[in-house]
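Close look at the chain arrangement
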Amino acid sequence: MSKWDISGMDSWTSADFPLGAVIPQAGNSCDYVTGGWRSNRPERNDEKCTQCLMCWIMCPDSAVVTEDEKVVSFKLKHCKGCGICAKVCPVDAIDMVPEGCDLPEVK
Amino acid sequence: MPTQKTIAATGNAVVAEALRQCSPDVMAAYPITPQTTIVEEFAGFVAKGRVHTEYVTTESEHSAMSACIGASAAGARVVTATSSQGLALMWEELHIASGMRLPIVMANANRALSAPINIHCDHSDIMGARDTGWIILFAETAQEAYDNTLMSMRIAENPEVLLPVMTCLDGFITTHSIDRVEIMDDESVADFVGEYTPVNALLDLENPVSHGNFAGLGGPFFEFKKAQREAIERSRKVITDVAAEYSVLSGRPFGMVETWGMEDADVAVVVIGSTAGNARHVARQLRADGVKAGVVKVRCFRPFPFAEIAEALSGVKAVAVLDRAESFGAEGGPLFLEVRSALYDSSERIPVVNYIYGLGGSDVRLELIETVFKDLSDIAAGEEAPAGLVYLGSR
Amino acid sequence: MQQLAEIRWHARAGQGAVTAAKLVAETALELDQYMQAMPEYGPERMGAPIKAFTRISNVPIEIHCNIENPNAVVVLDETLLAIVDVAEGIRSDGVILVNTCKTPDALRAELGLQGSTVRVASIDASGISLETLKRDMPNTPMIGALAKATGLFEVDPIVSHLKKTFGKKFSQEIIDANIASVTRAYKEVSVG
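Summary of the structure given here. Everything numeric in this text was worked out from a predicted model, so none of it was measured.

So, how was this worked out
- Residues numbered from 1 in each chain as written.
- Chains lettered and ligands numbered in written order.
- Predicted model: local features only at pLDDT ≥ 70, side-chain atom pairs only at ≥ 80, totals over all residues.
- Heavy atoms only, no water.
- Helix = DSSP H or I, 4+ residues; strand = E, 2+ residues; numbered from the N terminus.
- Rg over C-alpha atoms; globule rule 2.2 N^0.38 Å.
- Patch = residues over 30% accessible without salt bridge, like charges linked within 9 Å, V, L, I, M, F, W, Y side chains within 5 Å.
- Areas by Shrake-Rupley, 256 points an atom, 1.4 Å probe, with all protein chains shown as cover.
- Salt bridge = Lys/Arg side-chain N within 4 Å of Asp/Glu carboxyl O.
- Lys, Arg positive; Asp, Glu negative; His and termini not counted.
- Charge placed at Lys NZ, Arg CZ, Asp CG, Glu CD.
- Buried < 20%, exposed > 50% of the residue type's maximum accessible area, 1.4 Å probe, protein only.
- Pairing = 2+ DSSP bridges.
- Contact = heavy atoms within 4.5 Å.
- Axes fitted to C-alpha atoms, helices over the stretch in contact; angles between N-to-C directions.
- Arc of directions from axis to C-beta.
- Left-handed = near helix turned anticlockwise from the far one by under 90°.
- Nonpolar A, V, L, I, M, F, W, Y, C, P; charged D, E, K, R; others polar.

Check the secondary structure of chain C and you find 6 helices and 7 strands. N-terminal to C-terminal, the α/β element order of chain C is β-α-β-β-β-β-α-β-α-α-α-α-β. Its C-alpha atoms give chain C a radius of gyration of 15 Å, within 12% of the compact-globule value 16 Å for 192 residues. Its C-alpha atoms give chain C principal-axis dimensions of about 45 × 40 × 35 Å.

If you want it as structure tokens, here you go:
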């Protein structure tokens, strides 16, 4: 399926928008970059981590990246820095650390 | 042509019958007086296998309309029914149904809103929902309630419209009175209503969509509302076309505005619902006494038939608008506000008097309508119109 | 038949007045008349006094309001006479029909209608019901008595409608008992 082209949306009239405010395409939440909302970033201590995957389950933005059923990193393009992963970690393996001024992964 | 049979039935029974004949996929509802017998009857149809509908019993009207919205977004043909406090409890969902452009059909048994508690007819429930983006039709009789329900399905699902439709009938007066009604055969109704082809159905896995999206500040929210306005404006022609087709089939015409004696009327009453018959009855008697009395019945309240009202009232010397609902602190009742606005562009400056009547089921005796016409005749003869609205027959 | 007949029913909730109002309306429909039947809804409890209304006309009925000046008043329970003004608004050529063992003259005196042109009719509908249906359900015999006292219908259309509508729900025994009660009441009603 071709990608929904919204490049001209700023000039769309009421007749151009899809009926009933639907988004006529699946899976496009990836395009919505929420990493810029973040003021604290999660950092995981691999030595403490037991790979229980609680953070992966609980992350509201699906920003915990796994490989072979193991947590490897955070997708900072979408991580809002909400801290839920750190809160639910049973072994305190995740710390929320303040962001600097620059968030290169967002751009 | 369809086979029609004449039956003795209540308004609620024939609404349930019409809903059954439309073969909805889903009904989600919660019972409330005086709507109860609609959903009760329909549940009976489901239990007996006379309709293949998923009947969802919910714990409130808020949930009922939520379930209707979900089912409609999934791509189902959806119906429900409510009344009064139930409609009020649905309020936020009503906006969501129209905003998401879901063609849900709902019957509303018009009943007063608390407090004080009251289970009888007035229009305060529906008038409180008049700006929710639903198309709103009114029935005078059980026959009209049946006809309106069938037409609603076609109007709602028309691709040019895709808006929810409410069909209103007066609580107890129409819902519970046994009346003479002509019912069409199932096959003819099925042909008339047709198959529903949903747009943006969630269950259409080939074409995935997201419903219930965000359109915040700087986003296209404003444009979506404009699109809704454009759709309800387009519905005017669709309503007229569907009604024309239906009238050929049934032999029963439908007008957004229906008039009696307006060709040469000096005095006219504008009214909604079951009281229209009382008004015609009195007007007919007055005609026999030489009074040129007329009646304008509004059968479609949203979209409001401004042009038709202005045309019907042209040349009249005095007009009374009968409101069975309050709009506390406004210039008058909801119908009055619309009618007088419809007359603004007329150069005739017709005096328009507003009467609030029949709240909480207060009986609309014929003498009350006679006093209205008497007032109008006095005004037409040069007497001053009453200042402000009149509570008709109140102590 | 006159153009519009308006009937007001007085009963206690549970005596079947609403059903009777409906049966009369349905019978009228079978005679190709226009009709309305409506109960006066309120907080309804078994035994509480209730009212119901029937309108019958040979032209379409447009009005939707209570009946204030009935042609006929039907009282299913004579104990109501002490607590409800059943004669309220009755037309001067109207008829009041009561389920009672009393004579029309005694009833007229009780209603304070001596010298009035209003006709008074009595029928022991409960007695008939106890003999035919083996229980006190005065509503169907009252229909027979009403038909005779008002001249609204012959007994045949009532019987044929009962057969049709009760046939779907009840045993032949019950249908026969109802038909017998209607027919007897039609014959036995006394109008004074």
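Back to the text.
Together, B:Lys5, B:Lys48, B:Arg50, C:Lys168 and C:Lys169 give the surface a local cluster of positive charge. Relative to the helices and strands, B:Lys48 resides in the loop between helix 2 (36-47) and strand 3 (54-57). Judged by relative accessible area, which is 66%, B:Lys48 ranks as exposed.

Before going further, it helps to spend a moment on the sheet that holds strand 1 (residues 4-10) of chain B. Reading across the sheet, the 9 strands line up as 1(B)-8(B)-2(C)-3(C)-1(C)-4(C)-5(C)-6(C)-7(C) and stay open at both edges, with mixed pairing between neighbours. Of all strands in the sheet, those with a lone pairing partner are strand 1 of chain B together with strand 7 (190-191) of chain C, marking the two edges. Examined bridge by bridge, strand 5 (residues 95-99) of chain C and strand 6 (residues 119-123) of chain C share 5 bridges and lie parallel to one another. Its bridge partner lying in strand 6 of chain C, C:Leu97 is registered against C:Ala121. Of the strands in this sheet, strand 1 and strand 8 (178-184) of chain B together with strand 1 (4-12), strand 2 (34-39) and strand 3 (49-57) of chain C are in contact with helix 1 (residues 17-30) of chain C, which crosses strand 3 of chain C at around 5 degrees.

It is worth spelling out the pattern of salt bridges at this point. Where charged atoms from two side chains of opposite charge come close, those side chains can pair. All names here are of chain B. The tally for this structure, following the rule as stated, stands at 40 salt bridges over all chains. Between Glu258 and Lys297 there is a salt bridge whose closest N-O contact spans 3.2 Å. Residue Glu258 is located in strand 9 (residues 257-260), and its partner Lys297 is located in strand 11 (residues 293-298); the two are separated by 39 residues in the primary sequence.

Moving on to helix 5 (residues 91-99) of chain B. Residues and elements named next belong to chain B. Turning to helix 5, its buried residues number three or more, namely Glu93, Leu94, Ala97 and Ser98. The buried residues of helix 5 occupy one face: seen down the axis, they fall within an arc of 135 degrees. Considering only its buried residues, helix 5 is in contact with helix 3 (61-74), helix 4 (84-89), strand 5 (105-110), strand 7 (165-170) and helix 9 (221-250). One or two residues past the end of helix 5 sits Arg101, with phi positive at roughly 60 degrees.

This part takes up a nonpolar patch on the surface. All names here are of chain A. The grouping of Met54, Trp56, Ile57, Met58 and Ile84 at the surface amounts to a nonpolar patch, some 450 Å² of accessible area in total. A per-element tally of the nonpolar patch places helix 1 (residues 54-58) first, with 4 residues. By the element assignment, Ile57 lies in helix 1. With relative accessibility at 53%, the residue Ile57 sits in the exposed group.

Turning our attention to the packing of helix 3 (residues 125-132) of chain C against helix 6 (residues 172-188) of chain C. All names here are of chain C. Following both chains from N to C, one finds helix 3 and helix 6 inclined at 145 degrees, their axes separated by 9 Å at the closest point. In this structure, the crossing between helix 3 and helix 6 has a hand that is right-handed. For the pair helix 3 and helix 6, the contacting residues are Ile128, Glu131 and Thr132 in the first and Ala177, Ala180, Ser181, Arg184, Ala185 and Glu188 in the second. A class-by-class count of the residues in the contact of helix 3 with helix 6 yields 4 nonpolar, 2 polar and 3 charged.

Turning to the pairing of strand 4 (residues 72-75) of chain C, a few remarks are in order. The side chains of a regular strand alternate, residue by residue, between the two faces of the sheet. Residues and elements named next belong to chain C. Taking every second residue as pointing to the same face, both faces of strand 4 are buried, with Ala72 and Val74 on one and Val73 and Val75 on the other. As paired elements, strand 1 and strand 4 share 4 bridges and run parallel to each other. Its bridge partner lying in strand 4, Ile7 is registered against Ala72. Inspection of the sheet shows strand 4 paired to strand 5 by 4 bridges, in the parallel sense. By the bridge assignment for strand 5, Ala72 is matched with Val95.

With that settled, consider the sheet that holds strand 3 of chain B. All names here are of chain B. The sheet built from 7 strands is open, its strands ordered 3-2-4-5-7-6-12 with mixed pairing. At either margin of the open sheet sits one strand with a lone partner, and together these are strand 3 and strand 12 (300-302). Adjacent strand axes in the sheet meet at a mean angle of 20 degrees when their direction is disregarded. Of the pairings in the sheet, the one linking strand 6 (residues 135-138) to strand 12 comprises 2 bridges and is antiparallel in character. Residue pairing in the sheet places Leu137 in a bridge with Cys300 of strand 12.

Spatial relationships are all this shows, so hold off on functional conclusions.
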